[in-house]
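One letter stands for each residue in the lines below.
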Amino acid sequence: AMFSMLGYYVQALVTRQGPVENWASHIADPTSNNLFAYTSDLAMFASAGDKLAAWYGPDRNKWLGPYSEASTPAYLTGELPGDYGWDSAGLGAD
């Protein structure tokens, strides 16, 4: 029951509608009113383009934000997924 209530709260925060309005809109058009309609802004569902610039390349998000510029190793260029400019063991050097 507690997990269901959490779902109601998250659904209301994401869709800005109540549970009855969400159910009615989903019944009216189930192919476009579902979970994937609200996940287009997440990185794993984003299309290529400007949305991915924050995750790849030299201007990507880094582990210390703006303070990690001087501490990022030269071999971490941001071309691989998960490269946040931190490699304490030196495993990415090869």
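Residues numbered from 1 in each chain as written. Predicted model: local features only at pLDDT ≥ 70, side-chain atom pairs only at ≥ 80, totals over all residues. Heavy atoms only, no water.

Novice: Could you clarify how one ought to interpret the overall build of the protein in this entry?
Specialist: For the protein, the helix and strand inventory stands at two helices and zero strands. Long-range pairs, those at least 24 residues apart, make up 8% of the contacts in the protein between residues at least 6 apart in sequence. Here the protein has roughly 7,500 Å² of accessible surface; of this, 65% comes from carbon and sulfur atoms. (Helix = DSSP H or I, 4+ residues; strand = E, 2+ residues; numbered from the N terminus. Contact = heavy atoms within 4.5 Å. Areas by Shrake-Rupley, 256 points an atom, 1.4 Å probe, with all protein chains shown as cover.)

Novice: How should the layout of surface pockets be read in this particular structure?
Specialist: In this approach the atoms are scanned with a rolling probe the size of a water molecule, which exposes any empty space left behind. By volume, the second largest pocket is sized at about 200 Å³. In terms of lining, the second largest pocket is formed by Tyr-75, Leu-76, Thr-77, Glu-79, Leu-80, Pro-81, Gly-82, Asp-83, Tyr-84, Gly-85, Trp-86 and Gly-92. Of the residues assigned to the lining of the second largest pocket, the class counts are six nonpolar, four polar and two charged. (1 Å grid on protein atoms, 1.4 Å probe; cavity = no way out; pocket = protein on both sides within 12 Å on 5 of 7 lines; lining within 4 Å. Points joined across faces, edges and corners; volume = space filled by probe spheres on them. Nonpolar A, V, L, I, M, F, W, Y, C, P; charged D, E, K, R; others polar.)

Novice: Any chance you could explain the environment of Ala-54 here in plain terms?
Specialist: Mapped onto the secondary structure, Ala-54 falls in the segment after helix H2 (19-28). Residue classification places Ala-54 among the partly exposed residues on the basis of a relative accessible area of 30%. The contacts of Ala-54, once residues within four sequence positions are left out, are Arg-60 and Asn-61. (Buried < 20%, exposed > 50% of the residue type's maximum accessible area, 1.4 Å probe, protein only.)

Novice: Just to check I follow, could you spell out the environment of Leu-35 for this structure?
Specialist: Turning to its location among the elements, Leu-35 is positioned in the segment after H2. With 24 residues separating them along the chain, Leu-35 and Gln-11 place their C-alpha atoms 9.7 Å apart.

Novice: Would you explain a nonpolar patch on the surface in this entry?
Specialist: A grouping of Trp-55, Tyr-56, Trp-63, Leu-64, Tyr-84 and Trp-86 is seen on the molecular surface, where their side chains present a nonpolar patch of about 640 Å² in accessible area. Checked against the element boundaries, Tyr-56 lands in the segment after H2. (Patch = residues over 30% accessible without salt bridge, like charges linked within 9 Å, V, L, I, M, F, W, Y side chains within 5 Å. Salt bridge = Lys/Arg side-chain N within 4 Å of Asp/Glu carboxyl O.)

Novice: I tried to follow the environment of Pro-58 on my own but got confused; where do I start?
Specialist: Here Pro-58 lies in the segment after H2. Pro-58 gets classed as exposed once you look at its relative accessible area, which sits at 62%. Each C-alpha atom of the pair Pro-58 and Leu-76 lies 9.0 Å from the other, and the pair is 18 residues apart in sequence.

Novice: It is not clear to me how the side chain of Thr-72 should be interpreted in this structure. Could you clarify?
Specialist: Of note, Thr-72 is situated in the segment after H2. Ignoring sequence-local partners within four residues, the contact set of Thr-72 consists of Arg-60, Lys-62 and Gly-85.

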